[in-house]
Amino acid sequence: MQGKAAEPDIVVDFGMGDYPIACKKIWSERNVESQVRKGTKQLAPFGKRESSR
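Residues numbered from 1 in each chain as written. Predicted model: local features only at pLDDT ≥ 70, side-chain atom pairs only at ≥ 80, totals over all residues. Heavy atoms only, no water.

Undergrad: Explain the pairing of strand S3 (residues 18–21) to me, please; I cannot follow it from the model alone.
TA: Regular strands place their side chains on alternate faces of the sheet. Summarising the sheet, strand S2 (residues 10–13) and S3 pair through four bridges and their orientation is antiparallel. Note that in S3 the partner of Val11 across the bridge is Pro20. Between S2 and S3, which pair antiparallel in sequence order, lie four residues; one of them, Gly15, sits at a positive phi of approximately 90°. (Pairing = 2+ DSSP bridges. Helix = DSSP H or I, 4+ residues; strand = E, 2+ residues; numbered from the N terminus.)

Here is the structure:
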């Protein structure tokens with residue numbers, strides 16, 4: 001597994017191609033939903049990945 005700092009925050013190669021990861025800080029239970037929404041928006045330009053199953 002190889003990783004690098006790149007848009008969105010980190011890109012990791014799990015041996016099946018690059019996998020984008022948006023990193024968000026969760027400071028409390030109250031901000032979990034808003035952080036997940038921000039991460040979702042950040043990942044949207046990277047498109048939906050097809051499952052290999």
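Undergrad: Which parts of the structure should I look at to understand the packing of aromatic side chains?
TA: Aromatic ring pairs are defined here through the distance separating the ring centres and the angle between the ring planes. Evaluation of the coordinates by the stated rule reveals one aromatic pair. Relative to Tyr19, the ring of Phe14 has its centre 5.8 Å away and its plane inclined at 65°; by these criteria the two rings are edge-to-face. (Phe/Tyr/Trp six-rings, centres within 6.5 Å; stacked < 30°, edge-to-face > 60°.)

Undergrad: What exactly am I supposed to notice about the sheet that holds S2 here?
TA: Adjacent strands of a sheet pair through backbone hydrogen bonds, lying either parallel or antiparallel. Strand order in the open sheet formed by three strands is S1-S2-S3, and the pairing between neighbours is antiparallel. What marks the edges here is a single partner per strand, and that holds for strand S1 (2–5) and S3. Each strand axis lies, on average, 25° off the axis of its neighbour in the sheet, ignoring direction. (Axes fitted to C-alpha atoms, helices over the stretch in contact; angles between N-to-C directions.)

Undergrad: Help me understand the side chain of Gln35, please; the structure alone is not making it clear to me.
TA: Tracing the sequence through the fold places Gln35 in helix H1 (residues 32–43). Taking relative accessible area as the criterion, Gln35 reaches 10% and is therefore assigned buried. The contact partners of Gln35, leaving out residues within four places of it in the chain, are Lys24, Lys25 and Ile26. (Buried < 20%, exposed > 50% of the residue type's maximum accessible area, 1.4 Å probe, protein only. Contact = heavy atoms within 4.5 Å.)

Undergrad: What should I look at first to understand unusual backbone geometry in this one?
TA: With glycine set apart, most residues show a phi of negative sign, and most peptide bonds adopt trans. Of note, the amide linkage connecting Glu7 to Pro8 takes the cis form, showing an omega dihedral of 10°. By the secondary structure assignment, Pro8 is in the loop between S1 and S2.

Undergrad: Please clarify how H1 should be interpreted in this entry.
TA: Owing to its 3.6 residues per turn, the α-helix brings residues three or four apart onto one side. Between its terminal C-alpha atoms H1 stretches 17 Å, which fits the 16 Å expected from 12 residues at 1.5 Å a residue. Turning to H1, its buried residues number three or more, namely Gln35, Gly39 and Gln42. One face of H1 carries all of its buried residues, which in axial projection span an arc of 60°. More than 90 degrees from the buried face of H1, the exposed residues found are Glu33, Arg37, Thr40 and Lys41. (Expected span 1.5 Å × (residues − 1). Arc of directions from axis to C-beta.)

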